Amino acid sequence: MERYNFLESEARWQKAWADAGSFAVETDPSRPKYYVLEMFPYPSGKLHVGHVRNYTMGDVVTRFKRARGFNVLHPMGWDAFGLPAENAAIASGGHPATWTYDNIATMGQQLKSIGLAYDWRREIATCHPEYYRHEQKMFLDFLQAGLAYRKESWVNWDPVEHTVLANEQVIEGRGWRSGALVEKRLLSQWFLKITDFAEDLLHGIETLDRWPDRVRVMQANWIGRSEGARVFFDLVGDGFDGEQLEVFTTRPDTLFGAAFCAISANHPIARKLAEQDAEIAAFNADCNRIGTSEAAIETAEKLGLRTRIEIKHPLKPGETLPLYIANFVLMEYGTGAIFGCPAHDQRDLDFANKYGLPVIPVVRAADGPVPEITTEAFTTTDGVLVNSEFLDGLSVAQAKTAIIDRLDTAGIGRRTIQYRLRDWGVSRQRYWGCPIPVIHCAVCGIVPVPAKDLPVKLPDDVSFDQPGNPLDRHPTWKHVDCPSCGAKARRETDTFDTFFESSWYFARFCSPRSEQAFERRDVDYWLPVDQYIGGIEHAILHLLYSRFFVRALRHCGYLDVAEPFAGLFTQGMVCHQTYQNAQGQWLYPEDVVTTDDGRTLDRAGEPVTVGRLEKMSKSRKNVVGLEAICETYGADTARLFLLSDSPPERDLEWTSSGIEGIWRYVNRLFRLVVDHLGQAAPIGTPAAGASESRRLLHKTIAALTDDLENFRFNRGVARLRELSNHLEDKISALEPASIREALDTIVVLLGPMMPHLAEELWCLLGHDDLLVDQSWPVAQDDLLRDDTVTYAIQVNGKLRGTIELARDIAEEDARTVALSQAAVERALEGRPVRKVIVVPNRLINVVG
RNA sequence: GAGGACGUGGUGGAACUGGUAGACACAUCAGACUUAAAAUCUGAAGACUUCGGUCGUGCGGGUUCGAUUCCCGCCGUCCUCACCA
């Protein structure tokens, strides 16, 4: 039996596409464009089959849109800065650059081996100075525009590694690598003013109608807009007479129920008090130690320390409230200070009960009495105000307006909109990142590196034999003369957060070799990205930072688009079973065998525990190598498997029986064409008639087109199988012209998913041009509708039979036919017919 | 605590806008070919059934001629954010 020789074929067609420059594109405003982009990878080593699902999806979209006449930009590059390279350098003594470029070479080769339609001329790596020089310039422009600034900020400090840790690198209060207790430290760092765009970023979400709802919801929650008021309280006592405390609240209507105020341990007042008071200093230190892990928050007791400062109630002359320092008040949100109204906030109530503070209800249900409050706060907001002087009788909403007006008039408060979103801290105390282009001068302060001196390149001669940042202890690199006054000065040794690079790479792909960050003409044409594809794990940070960057770049005159990604698709993960031996060590799937009697053993014959389905990951060893699959089954088989069965947004289970099934199908397709080549009419012979096969062919064209437009690859595969199942059965009976049409068409339809096989078959069918340049078939309308339709016959909504009727039959006739059915009569059991519902071309329901 | 998603045969899933539930596969079983196996091909199959049918889309209600689909209330699984004032 003839088998498809994928090894030979795949290499040949990949070369043919490369030689023809099939996927090389240029800016061409005379043609409609389409920009397809998969989130570019971090070059971490080697790809496994789990990595390539989203690239395959992007490739299908690319080839499909090309066939539909679009000028398609589909580039690939490398998010090449980041910690793993430094970790590898520390572990093995190499250089991060060597490690990174080696991985890029390996992974690039792997991507090429599965035939992805990239314009490889546009490949970029963000660790290359030709890339990062432009973001240094952007930073300087941001600085000039007031979008970048420096401030002190609390960071997670690992005292063993001498470095700052990201929140996710802190596990149960300890450094993920060193295991040392993490300290909170105040460091001076660079920030980007993403909060300037909070409102615009929030509004912009509404325009992103081709984004998944859940990502839009996540972004909106992250921005976290809340309306409320800022209120200024006068302080008395402990030397603070005449000073004010600024508080943010979303419930200004409950001000008459206020029982206390509380400030964060990091609030300036708390820090000032700590200077003279050991007890307060100790309490503040405790607060900073607790950390922000979930477990810590769940279990941490709400603690407060009463200060000697009292707060004057702004609307109750003569009345004062105590001021506490409390461990649950965050300096990072609002003003770092709150007022507590125990009657209407559960946490405030718990706090009041603990410290014996009064509980004054100020809201009652619209139709209820003033609530008795003991342990449950009354948090309903559709109530009416009581105990609140001029607010009494107003609704909560009315009271909010009324009290803000009053506070505003008195100059002690104003309406405010507060965002949860905080400015983006971009400083990292790391080597393998883009140097922040500023110089610290004792005389001039912070001096930007002049544009002519860019890029500030990373030095190559660094060592990782000591903890900390190699840039900081490099013998010469950081010592420079001040560009402003010429005095001895010091370079900034921090580098950018690597999210900085990924916030604008999609624009660089438009003009990858430009001396500018990108050319205006190119980004005007290509942006926004029409279809972005990536993991849900980037739902917030990467996507939000990119949206911010586009706004900041527009502000600085770089470009003129509103949003970076018009369409977003978040694909599911590829999962595989996990295996562990008796010692609890993870095993690779290829080292596990299943015996005939169903036992699972390792190579040595020892029993293996089969674990749950998990996302493919190196750490659990439940990975299937890309090379192994490509050598055994070929790239097309792997690609089709990744597109079959599971909807693309859901997780997919990789199984050996699944890949076997696809492999069988690939060979059936091959035989379908090869076995009937001889029966086909010459190329270009028009097919005619309305045979069942032609109808199915054209219905498949229409349905598959729709499926591919809407990311329903699994359904598209099912349709192709329906068509090929049918043709296997019926093709020999067709006229030569219909055979030609059927074979040519199905091969073109296969193209986006299985490009090598399709190209091979196209060639075998006698064409001397490339399939990749063929246009997508258009369904013939008159073949999409059948002359007869199968009606469902129901009695009281239950199916009693089906019947073939002419399309668009008169309702009266349909009715008559249905009522004459024996099954209908039987099901009616003698009851009279009360009503007959006819849904045209679908069903007839007899009600009796 | 706040917000969101999902729940269909043994398994993955399909079902347009409320209109024949289970397309297409995987696994299974039976048969053909074979000395045998593999490969390949053909066929069967939601469950129960007295073979007339009955029941079936997590559970309980509701709307409707008709509900996997819409509404209400539960149960379960998963995700995101989380001391957010």
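Conventions we followed
Residues numbered from 1 in each chain as written. Chains lettered and ligands numbered in written order. Predicted model: local features only at pLDDT ≥ 70, side-chain atom pairs only at ≥ 80, totals over all residues. Heavy atoms only, no water. Helix = DSSP H or I, 4+ residues; strand = E, 2+ residues; numbered from the N terminus. Buried < 20%, exposed > 50% of the residue type's maximum accessible area, 1.4 Å probe, protein only. Contact = heavy atoms within 4.5 Å. Areas by Shrake-Rupley, 256 points an atom, 1.4 Å probe, with all protein chains shown as cover. Lys, Arg positive; Asp, Glu negative; His and termini not counted. Charge placed at Lys NZ, Arg CZ, Asp CG, Glu CD. Pairing = 2+ DSSP bridges. Axes fitted to C-alpha atoms, helices over the stretch in contact; angles between N-to-C directions. Arc of directions from axis to C-beta. 1 Å grid on protein atoms, 1.4 Å probe; cavity = no way out; pocket = protein on both sides within 12 Å on 5 of 7 lines; lining within 4 Å. Points joined across faces, edges and corners; volume = space filled by probe spheres on them. Near = heavy atom within 4 Å. Polar contact = N/O pair within 3.5 Å; in protein donor to acceptor, adjacent residues only side chain to side chain. Nonpolar A, V, L, I, M, F, W, Y, C, P; charged D, E, K, R; others polar. Salt bridge = Lys/Arg side-chain N within 4 Å of Asp/Glu carboxyl O. Left-handed = near helix turned anticlockwise from the far one by under 90°. pLDDT = per-residue confidence, 0-100. Phe/Tyr/Trp six-rings, centres within 6.5 Å; stacked < 30°, edge-to-face > 60°.

Moving on to the overall build of chain A. Per the secondary structure count, chain A includes 26 helices and 37 strands. Along the three orthogonal principal directions, the C-alpha set of chain A runs to about 100 × 85 × 65 Å. Counting all 848 residues of chain A, 53% fall into the buried class. Put simply, of all contacts in chain A between residues at least 6 apart along the chain, 71% involve residues at least 24 apart. For chain A, the computed accessible surface area is about 38000 Å², with 49% contributed by carbon and sulfur atoms. Computing the positive centroid from 93 side-chain charges and the negative centroid from 117, chain A places the two 1 Å apart.

The next thing to look at is the sheet that holds strand S37 (residues 843-847). The 4 strands lie next to each other as S35-S34-S37-S36, forming an open sheet whose pairing is mixed. Edge positions in the sheet fall to strand S35 (798-806) and strand S36 (835-839), since each of these pairs with one other strand and no more. Adjacent strand axes in the sheet meet at a mean angle of 20°, parallel and antiparallel pairs treated alike. Of the pairings in the sheet, the one linking strand S34 (residues 788-795) to S35 comprises 8 bridges and is antiparallel in character. Within S35, the position partnered with tyrosine 791 by the bridge is isoleucine 803.

Attention now goes to helix H7 (residues 213-223). Taken residue by residue, H7 has Val215, Gln219 and Ile223 as its buried positions. Around the axis of H7, the buried residues are gathered within 70° of arc, so they sit on the same side. Opposite the buried face of H7, at more than 90 degrees from it, the exposed residues are Asp213, Arg214 and Asn221. Close packing links the buried residues of H7 with helix H6 (198-205), strand S10 (225-236), strand S18 (413-419), helix H17 (541-555) and strand S27 (568-571). After H7 finishes, the residue glycine 224 shows a positive phi value of roughly 55°.

Here alanine 410 lies in the loop between helix H12 (396-409) and S18. Put simply, alanine 410 and leucine 315 are 95 residues apart on the chain and 10.0 Å apart in space, counted from C-alpha to C-alpha.

Turning next to empty space enclosed by the protein. Enumeration over the complete set of coordinates arrives at 1 cavity of 30 Å³ or more. As a volume, the largest cavity reaches approximately 120 Å³. Taken together, Trp17, Arg63, Ala67, Val748, Gly751, Pro752, Pro755, Glu759, Leu771, Val772, Gln774 and Trp776 form the lining of the largest cavity. Those elements that provide at least two residues to the lining of the largest cavity are helix H2 (53-67) and helix H24 (755-764).

We now examine the layout of surface pockets. Empty space within the second largest pocket amounts to approximately 520 Å³. Sorting the residues of the lining of the second largest pocket by element identifies strand S28 (574-580), strand S30 (592-594), helix H18 (626-632) and helix H20 (656-676) as the ones contributing at least two each.

With that settled, consider the sheet that holds strand S9 (residues 183-192). With respect to topology, 4 strands assemble into an open sheet ordered S6-S5-S9-S19, the strand pairing being antiparallel. Pairing within the sheet leaves two strands with one partner each, and these edge strands are strand S6 (163-165) and strand S19 (424-425). In terms of strand pairing, S9 meets S19 through 2 bridges, oriented antiparallel. For leucine 192, the partnering residue across the bridge sits in S19 and is tryptophan 424.

What follows concerns the side chain of threonine 307. Structurally, threonine 307 can be placed in strand S13 (residues 304-312). Residue class for threonine 307 comes out buried when judged on its relative accessible area of 6%. With sequence-adjacent residues up to four places away left out, threonine 307 is seen in contact with Leu273, Leu323 and Ile325.

What follows is about the protein's contact with RNA strand B. Near RNA strand B there are 53 residues, and of these Phe328, Arg347, Arg715, Arg842 and Asn845 occur at the shortest range. The side chain of arginine 721 places a nitrogen or oxygen atom 3.4 Å from a sugar or linking oxygen of RNA strand B. Ranked by the residues each element gives to the surface near RNA strand B, the list is headed by helix H22 (residues 713-730), at 6 residues. Considering only residue class, the surface near RNA strand B consists of 19 nonpolar, 14 polar and 20 charged.

Turning next to the pattern of salt bridges. Using the criterion set out here, one finds 52 salt bridges in the structure. Residue arginine 150 is joined to glutamate 492 by a salt bridge in which the shortest nitrogen-to-oxygen separation is 3.3 Å. One end of the pair, arginine 150, is in strand S5 (residues 148-158); the other, glutamate 492, is in the loop between strand S24 (488-491) and strand S25 (495-496), and 342 residues separate them in sequence. A salt bridge links arginine 719 to aspartate 707, with the nearest nitrogen and oxygen atoms 3.0 Å apart.

For the pair helix H3 (residues 83-92) and helix H4 (residues 96-113), the least separation of the axes is 8 Å and the interaxial angle reads 120°. Crossing hand, H3 versus H4: right-handed. Contact residues: H3 offers Pro84, Ala85, Glu86, Ala88 and Ala89, while H4 offers Pro96, Trp99 and Thr100. Its residues assigned to classes, the contact of H3 with H4 shows 6 nonpolar, 1 polar and 1 charged.

A few words now on the confidence of the model for chain A. Averaged over chain A, the pLDDT score is 91; the fraction of residues at 70 or greater is 97%. Two numbers describe this predicted complex: its pTM, 0.93, and its ipTM, 0.94.

With that settled, consider the packing of aromatic side chains. Under the defined criterion, the tally for this structure stands at 45 aromatic pairs. Ring geometry for tyrosine 633 and tryptophan 663: centres 6.2 Å apart, planes at 70°, overall edge-to-face. In this pair, tyrosine 633 is assigned in the loop between H18 and helix H19 (635-643) and tryptophan 663 in helix H20, connecting sequence segments 30 residues apart. In terms of burial, tyrosine 633 and tryptophan 663 fall into one category: buried.

Our next topic: the pairing of strand S26 (residues 531-535). The buried count for S26 comes to 5 of 5 residues, which makes it a mostly enclosed element. Pairing of strand S1 (residues 33-38) with S26, which is carried by 3 bridges, proceeds in the parallel orientation. Bridging across to S26, leucine 37 finds its partner in tyrosine 532. Here S26 pairs with S27 via 4 bridges, running parallel. Bridging from a neighbouring strand, isoleucine 533 pairs with phenylalanine 569 of S27.

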